[in-house]
Amino acid sequence: MVVLTGAGISADSGVPTFRGADGLWRRHRAEELATPAAFARDPRLVWEWYGWRRALVAGCDPNAAHLALARWQAAWPEVHIITQNVDGLHLAAHRIVSAPAAGAGGGGPPSEEPSLYELHGSLFRTRCTGCGQRRESREVVDASSLASLPRCAACGSLLRPDVVWFGESLESEVVERSFELAEGAAACLVIGTSAVVQPAASIAAVAARAGAALVDVNIEATGLSQAADLFLRGRAAEIVPRLLGEPGEREPPGRG
Ligand code: BJW
Ligand code: ZN
């Protein structure tokens, strides 16, 4: 089973979506800021936006939809999550679900990394515009002036958020693996995406064409909902836990 998620799954955690009514940041549209041209023109403004989003997301927790998916993944290795989100909330849910229960003695085997593909990168990583070095980064960014922006410790060049902007290529290994999983999926569950950004939106279309049952969860219909076998209108945090149930209650399609 392939699960394709977008900003709508994190909306119930308090993370603003890109294209909804709350998608504007100080009168700027995401399409104006999430581009290499915007960063070349005004890196301070772009870093200010990312700094604001980092601080906002750092205060958000995974919701019932992230947690239900993480529980399914913990129970069944053939559940693969492909996300367009850069907020790290799927991984945070995995950590919560796989942490040893308090008082249970702890110290079980370390949990395996989940089958999670972050198509558009991460808010909490930087990439050097000079030498390309990537680094985990959670510190507060001082975007008060060009001189205060973060720079590479190795080569001194400006750092940028390690995310994929419009017109940039996604990491080829991640894209190839995502389409491979889509081709072999018995079901594709799409949650909270407007499905307008490529190539991510095509992952669901490819799965459907290859015979997967397509289920779409969204508060409003999108181009993908029309093609879905089942369109469940509603909030991700309400619908997804009801759809999946607890592991043991239902099994992923394609099993037995
Ligand atoms: C809820 C809810 C609740 C709300 N519960 N639901 C082929 C055809 C046409 C165009 C292209 C094409 N191939 C490439 C392009 C160009 C471009 C593109 O797709 N443009 C389209 C807009 C037309 N794509 C690219 O440039 C990509 N690169 C590429 O293809 O490289 C090869 C290439 C290079 C050069 C030329 C041509 C090809 C890169 C795309 C990178 C996108 N990056 C961003 C920013 C990432 C960093 C960051 O976060 O800052 O990714 S843009 C932004 O959109 C972000 C998101 O991941 C992405 C998708 O948005 P998403 O998640 O769908 O959010 P929303 O807000 O749109 O929708 C939220 C949904 O949730 C709504 O439907 C709500 O109803 C719903 N919802 N609350 C359930 N509680
Ligand atoms: Zn560098």
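In case you missed it, the structure is sitting above this.
Caption draft 1: Geometry of the sheet that holds strand β1 (residues 2–5). As summarised here, the arrangement of the 6 strands in space is β3-β2-β1-β7-β8-β9, forming an open sheet in which the pairing is parallel. In the strand order of this sheet, the two ends are held by β3 (116–118) and β9 (230–233), each with one partner. When strand polarity is set aside, the average angle formed by the axes of neighbouring strands in this sheet is 15°. Relative to β9, strand β8 (residues 213–218) is paired through 4 bridges, and the arrangement is parallel. Looking across to β9, one finds that V217 is bridged to L232. Those strands touched by helix α5 (residues 64–75) are β1, β2 (80–83) and β7 (187–191), and its axis lies near 140° from that of β2.

Caption draft 2: Broad picture of the site of ligand 1. The environment of ligand 1 is made up of 36 residues, and the closest members are R19, Y50, R53, T193 and S194. Protein chains shield 76% of the accessible area of ligand 1, which is 1500 Å² for the free molecule. Elements supplying a minimum of two residues to the shell around ligand 1: α1 (7–11) and α4 (43–58). Class assignment for the residues of the shell around ligand 1 results in 16 nonpolar, 14 polar and 6 charged.

Caption draft 3: Up close: the sheet that holds strand β6 (residues 159–163). Strand order across the open sheet formed by 3 strands is β5-β4-β6, with antiparallel pairing between neighbours. Of all strands in the sheet, those with a lone pairing partner are β5 (134–136) and β6, marking the two edges. Each strand of the sheet is rotated relative to its neighbour by a mean of 45°, with strand direction disregarded. Pairing analysis gives 5 bridges linking strand β4 (residues 121–128) to β6, with the strands arranged antiparallel. When the sheet's bridge partners are listed, C128 is paired in β6 with L159. Contacts between α4 and the sheet are confined to β4 and β6, with β4 contributing the most and set at about 140° to the helix.

Caption draft 4: A look at the coordination of the zinc ion (ligand 2). Taken together, C128 (SG), C131 (SG), C152 (SG) and C155 (SG) make up the full set of protein donors to the zinc ion (ligand 2), lying 2.3 to 2.4 Å away. Seen from the zinc ion (ligand 2), its 4 donor atoms lie at angles of 97 to 121°, and the figure they make is tetrahedral. Binding-site remark: the zinc ion (ligand 2) is held by donors from one chain whose sequence spacing is C-x2-C-x20-C-x2-C.

Caption draft 5: Local environment of α5. Under the 1.5 Å per step criterion, the end-to-end length of α5 is 17 Å for 12 residues, consistent within 8% with the ideal 16 Å. Within α5, the full set of buried residues consists of A65, H66, A68, L69, A70, W72 and Q73. Against the buried residues of α5 lie β1, α1, β2, α6 (89–98), β7 and α10 (236–244). For α5, the side-chain oxygen to backbone nitrogen distance between the N-cap and A65 is 2.8 Å, and the N-cap itself is N63.

Analysis parameters
- Residues numbered from 1 in each chain as written.
- Chains lettered and ligands numbered in written order.
- Predicted model: local features only at pLDDT ≥ 70, side-chain atom pairs only at ≥ 80, totals over all residues.
- Heavy atoms only, no water.
- Pairing = 2+ DSSP bridges.
- Helix = DSSP H or I, 4+ residues; strand = E, 2+ residues; numbered from the N terminus.
- Axes fitted to C-alpha atoms, helices over the stretch in contact; angles between N-to-C directions.
- Contact = heavy atoms within 4.5 Å.
- Near = heavy atom within 4 Å.
- Areas by Shrake-Rupley, 256 points an atom, 1.4 Å probe, with all protein chains shown as cover.
- Nonpolar A, V, L, I, M, F, W, Y, C, P; charged D, E, K, R; others polar.
- Donors = N, O, S within 2.8 Å, 3.2 Å for Na, K, Ca; no water.
- Tetrahedral: all angles 85-135°; square planar, octahedral: opposite > 155°, others 65-115°.
- Expected span 1.5 Å × (residues − 1).
- Buried < 20%, exposed > 50% of the residue type's maximum accessible area, 1.4 Å probe, protein only.
- Polar contact = N/O pair within 3.5 Å; in protein donor to acceptor, adjacent residues only side chain to side chain.

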